[in-house]
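What follows is each chain in one-letter form.
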Amino acid sequence: MSGSKSAIVTGSSRGIGAAIARAAARDGFDVCVNYVRDEAAAETVADDVRAAGRRAVVVQADTGRESDILRLFETAEAELGYIDALVNNAGISGGRSLIEDVTAEALEEVFRINVSGYFLCAREAVRRMSTARGGNGGLIVNVSSIASVISGAFDWVHYGASKAAVDTFTKGLALETAAQGIRCNSVRPGMVETEIHWPGRIEKIVPSVPLKRIASPEEVAEAVMWLLSDRASYCTGTHIDVTGGRG
């Protein structure tokens, strides 16, 4: 794609999402920065986007709620114009729990945000991007997790299961939209330096990582940006693992 481009990055006030928003601005995208609670952090990311010479709009929206998703897309489109790319990144772990102790409330929240939210955001993107609906095509990247492969047993199988659903969804979305000018792929991070970890988890896991370290959010963002570029023009339904060899 040439000329002005715009992207919605969900959950982009911190962590991996913030790194993706900043990398997108560097690579020529105007960015819709989405947050749920921390407006100040989202505004800081937006300032970084503007400092890179691109436009930014900050939108508060819970991507586990359909009404918020509709408002997110309507606002982004009104402020930035055509939406060329969607990065589904917003998600939660649901907390640590053995299967025998998991609550119905935790399951509902994890799948509402991590799965239903991805579906509904993608639905809105496809409705705008699809060449069959008068759009110009577009790009969708889902941020999954290597937990979809290794399950997250003994910590959060509910989270791993939600990310396995994201993997299946990515493949199905890629197949349904390939003829509509849309490419859909995913990135599956492993251990990343974010706020998701509880005390001692990094030290426990790092020895099992072949590269013997965790990733920075920026390293994950680079994989996302490759998928959003023309360099990945023949990739759809692809999963890129950014795990240091783990999994």
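Residues numbered from 1 in each chain as written. Predicted model: local features only at pLDDT ≥ 70, side-chain atom pairs only at ≥ 80, totals over all residues. Heavy atoms only, no water.

Undergrad: Can you lay out the sheet that holds strand S2 (residues 29-35) for me, pointing to particular residues and giving the numbers?
TA: Here 7 strands make up an open sheet; going across it, the order is S3-S2-S1-S4-S5-S6-S7 and the pairing parallel. The open sheet has two edge strands, strand S3 (56-60) and strand S7 (239-242), and neither has a second partner. Strand-to-strand twist across the sheet, computed as the mean angle between neighbouring axes with direction ignored, equals 20 degrees. When S2 meets S3, the two strands line up parallel, connected through 5 bridges. Across the sheet, asparagine 34 pairs through a bridge with valine 59, a residue of S3. Along the sheet face, helix H4 (residues 104-129) touches strand S4 (85-88), strand S5 (138-143) and strand S6 (182-189) and points at about 175 degrees away from the line of S4. (Pairing = 2+ DSSP bridges. Helix = DSSP H or I, 4+ residues; strand = E, 2+ residues; numbered from the N terminus. Axes fitted to C-alpha atoms, helices over the stretch in contact; angles between N-to-C directions. Contact = heavy atoms within 4.5 Å.)

Undergrad: Hey, could you go over the environment of glycine 81 for me, with residue numbers and the actual values?
TA: Position of glycine 81 among the secondary structure elements: in the loop between helix H3 (66-80) and S4. Looking at glycine 81, the relative accessible area reads 27%, which means it is partly exposed. Between the C-alpha atoms of glycine 81 and aspartate 30, which are 51 residues apart in sequence, the distance is 9.6 Å. (Buried < 20%, exposed > 50% of the residue type's maximum accessible area, 1.4 Å probe, protein only.)

Undergrad: Let's hear about the pairing of S6: which residues, and what values?
TA: Counting buried residues along S6, 8 of its 8 residues qualify, which places the element largely inside the surrounding structure. Judged by which residues are buried, S6 turns out to be covered on both faces: Ile182, Cys184, Ser186 and Arg188 on one side and Arg183, Asn185, Val187 and Pro189 on the other are all buried. Bridge count between S5 and S6: 6 bridges; the pairing is parallel. Its bridge partner being in S6, isoleucine 140 is matched across the sheet by cysteine 184.

Undergrad: Describe the pattern of salt bridges, listing the residues and the values that go with them.
TA: The full count for this structure, using the stated rule, is 19 salt bridges. Of the charged contacts in the structure, one is a salt bridge between aspartate 30 and arginine 55, with a shortest N-O distance of 2.9 Å. Placement of the pair is aspartate 30 in strand S2 and arginine 55 in the loop between helix H2 (39-51) and S3, with a sequence separation of 25 residues. A relative accessible area of 39% places arginine 55 in the partly exposed class. Measuring nitrogen to oxygen at the nearest pair gives 3.2 Å for the salt bridge that ties glutamate 77 to arginine 128. On the criterion of sequence distance, the pair formed by glutamate 77 in helix H3 and arginine 128 in helix H4 is long-range, its members being 51 residues apart. (Salt bridge = Lys/Arg side-chain N within 4 Å of Asp/Glu carboxyl O.)

Undergrad: With reference to specific residues and values, describe H2.
TA: Since one α-helical turn is 3.6 residues long, residues separated by three or four positions face the same way. For H2, which comprises 13 residues, the first-to-last C-alpha distance of 18 Å matches the rise-based estimate of 18 Å (1.5 Å per residue) to within 8%. Among the residues making up H2, those that are buried are Ala42, Val45, Ala46 and Val49. One face of H2 carries all of its buried residues, which in axial projection span an arc of 100 degrees. Facing away from the buried side of H2 by over 90 degrees, the exposed positions are Ala40 and Ala51. Among the structural elements, helix H1 (15-26), S2 and S3 are those in contact with the buried residues of H2. (Expected span 1.5 Å × (residues − 1). Arc of directions from axis to C-beta.)

Undergrad: Account for the nonpolar core, naming residues and giving values.
TA: Ranked by internal contacts, the top residues of the largest apolar core, which has 63 residues, are Ile140 and Leu228. For this core, the element with the most residues is H1, which contributes 8 residues. Those residues within four positions of isoleucine 140 in sequence are excluded, and the remaining contacts are Leu86, Ala122, Ala125, Val126, Met129, Leu173, Ile182, Arg183, Cys184 and Asn185. Within the second largest apolar cluster, 5 residues are counted, among which are Met191, Ile205, Val209 and Ile214. (Core = buried A, V, L, I, M, F, W, Y, C linked by side-chain atoms within 4.5 Å.)

Undergrad: So what about the pairing of S5? Which residues, and what values?
TA: Burial of S5 is extensive: 6 of the 6 residues sit out of reach of the surface. Neither face of S5 is open: one carries Gly138, Ile140 and Asn142, the other Leu139, Val141 and Val143, and all of them are buried. Two strands pair when backbone bridges link them, and S4 and S5 are joined in this way by 4 bridges, in the parallel orientation. For alanine 85, the partnering residue across the bridge sits in S5 and is leucine 139. Of the crossover connections in this fold, the one passing from S4 over H4 to the parallel S5 is right-handed. (Right-handed = clockwise from strand over helix to strand, strands pointing away.)

Undergrad: Tell me what's going on with the packing of H1 against helix H8 (residues 217-227), and back it up with residues and numbers.
TA: Relative orientation of the contacting elements H1 and H8 amounts to 50 degrees, with a least axis distance of 8 Å. Judged on the interaxial angle alone, H8 and H1 are oblique. For the pair H1 and H8, the crossing hand works out as right-handed. Across the interface between the two elements, Gly15, Ile16, Ala19, Ile20, Ala23, Ala24 and Arg26 of H1 pack against Pro217, Glu218, Val220, Ala221, Glu222, Val224 and Met225 of H8. Along the lines of polarity and charge, the residues of the contact of H1 with H8 split into 10 nonpolar, 1 polar and 3 charged. (Parallel < 35°, antiparallel > 145°, perpendicular 65-115°, else oblique. Left-handed = near helix turned anticlockwise from the far one by under 90°. Nonpolar A, V, L, I, M, F, W, Y, C, P; charged D, E, K, R; others polar.)

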